[in-house]
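# Residue-level structural notes
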Amino acid sequence: MRKFWGLFSILLLAAGVRAQIRNLKPGFNLFSPQQDIQLGQEAKAQVEKQQQILNDSRVTGYLTQLGQKLAQSPRAGTFPFSFEVVKDKNINAFALPGGPVFVNTATFVAAQNEAQLVGVLAHEMSHVALRHGTHEASKGQAVQLIAGLAGSATGGGMLGTLARAGIGLGANSVLLHYSRDAESQADYNGALVMADAGYDPVQMANFFQLLETKNSEGLVAQFLSDHPTPGNRVRAVEQEVQSMPQRNYMTDSLQFQNVRAIVQGISPR
Ligand SMILES: [Zn+2]
């Protein structure tokens, strides 16, 4: 009997560890989900002023359609996502807390198929769902933030609160700069989001791999710095896919190739 209980507890422990990996939960966070949204909206207005936003419904409409498909996955959380395209020759994509996602035109051109573009979206949306941006900000600046965030509940801008805690929005902002653990989580969660929408999750890992080989041109530096590789990305995602039910995944579409051709014709900044 004792042997039985011993084995039983080992099985429970193993199941517990697996459940911990599969049930990804947002980490330590001083912000409320509502504050994630408020911060994201303020930061989005700033990005729209500073960056050259593409105003072409054929491209933005297509990106939004892909994003909304992914947002239906329960793994994408409940934040109000929005999708915009930035005219920029650097391959980059970033997501602000609470939902705004931006993808550079160069990312459309670098992607070999629709599933790779979808992979970037699923990965970014996972950072939002798991609240990695405000998690990072909470870790570093706890003392200054606690008072500020409590104060901002009674009014005043979130960006101001963050600035007073020494957190900016510019290049290498802590809100957009993730740890390797956060990367693994966004890959894992992003793969599930992709699979829910019927896309081959391995394409996300393939795209990140592709970016590392392209980095010599210096046009991927910001993305790779914000999303440091956790190592063995492709293999980790492949292993994850093996544990999912077998299905026929979609990789490309004629619409992607058409939109990519439109983007290719837009002169980058
Ligand atoms: Zn990432």
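Below is a summary of the structure that appears in this document. (Residues numbered from 1 in each chain as written. Predicted model: local features only at pLDDT ≥ 70, side-chain atom pairs only at ≥ 80, totals over all residues.)

### Focus on the environment of Ile53
- Examined against the element boundaries, Ile53 turns out to sit in the loop between helix H2 (33-50) and helix H3 (57-71).
- Between the C-alpha atom of Ile53 and that of Val103, which follows or precedes it by 50 residues, the distance is 9.8 Å. (Helix = DSSP H or I, 4+ residues; strand = E, 2+ residues; numbered from the N terminus.)

### Description of the packing of H3 against helix H13 (residues 254-264)
- Close contact between H3 and H13 brings their axes to 10 Å; oriented N to C, the two are set at 140°. By the angle between their directions, the pair H3 and H13 is classed as oblique. Crossing hand, H3 versus H13: left-handed. Together, Arg58, Val59 and Tyr62 of H3 and Gln255, Val259, Ile262 and Val263 of H13 make up the contact between the two elements. (Axes fitted to C-alpha atoms, helices over the stretch in contact; angles between N-to-C directions. Parallel < 35°, antiparallel > 145°, perpendicular 65-115°, else oblique. Left-handed = near helix turned anticlockwise from the far one by under 90°. Contact = placed C-beta atoms within 7 Å.)

### A few points about the environment of Val128
- Mapping Val128 onto the fold places it in helix H5 (residues 114-129).
- On a C-alpha basis, the gap between Val128 and Pro100 in space is 8.7 Å, while along the polypeptide they are 28 residues apart.
- What Val128 contacts, discounting residues up to four positions off in sequence, is Gly77, Phe79, Ala95, Pro97, Gly98 and Gly99.

### Regarding the packing of helix H10 (residues 202-214) against helix H12 (residues 233-242)
- Where H10 meets H12, the closest approach of the two axes is 9 Å, and the angle between their N-to-C directions is 180°. The pairing of H10 with H12 is recorded here as roughly antiparallel in orientation. Between H10, through Val202, Met204, Ala205, Asn206, Phe208 and Gln209, and H12, the contact on the second element is made entirely by Arg233, Val234, Val237, Glu238 and Val241.
- A breakdown of the residues in the contact of H10 with H12 according to their chemical character gives seven nonpolar, two polar and two charged. (Nonpolar A, V, L, I, M, F, W, Y, C, P; charged D, E, K, R; others polar.)

### Here's the deal with the pairing of strand S3 (residues 100-104)
- Most of S3 sits out of view: five of its five residues are buried.
- On S3, burial covers both faces: Pro100, Phe102 and Asn104 on one face and Val101 and Val103 on the other are all buried.
- Of the strand pairs in this sheet, strand S1 (residues 82-86) and S3 are connected by five bridges, and their pairing is parallel. In the strand pairing of S3, Ser82 is matched with Pro100.
- Sheet analysis places strand S2 (residues 93-95) next to S3, joined by three bridges and oriented antiparallel. Considered in S3, the bridge of Ala95 is made with Val101.
- If you look at the hairpin formed by S2 and S3, you'll find four residues sitting between the two strands, and Gly98 has a positive phi there, around 80°. (Buried ≥ 20, exposed ≤ 12 C-beta atoms within 10 Å, placed from the backbone. Pairing = 2+ DSSP bridges.)

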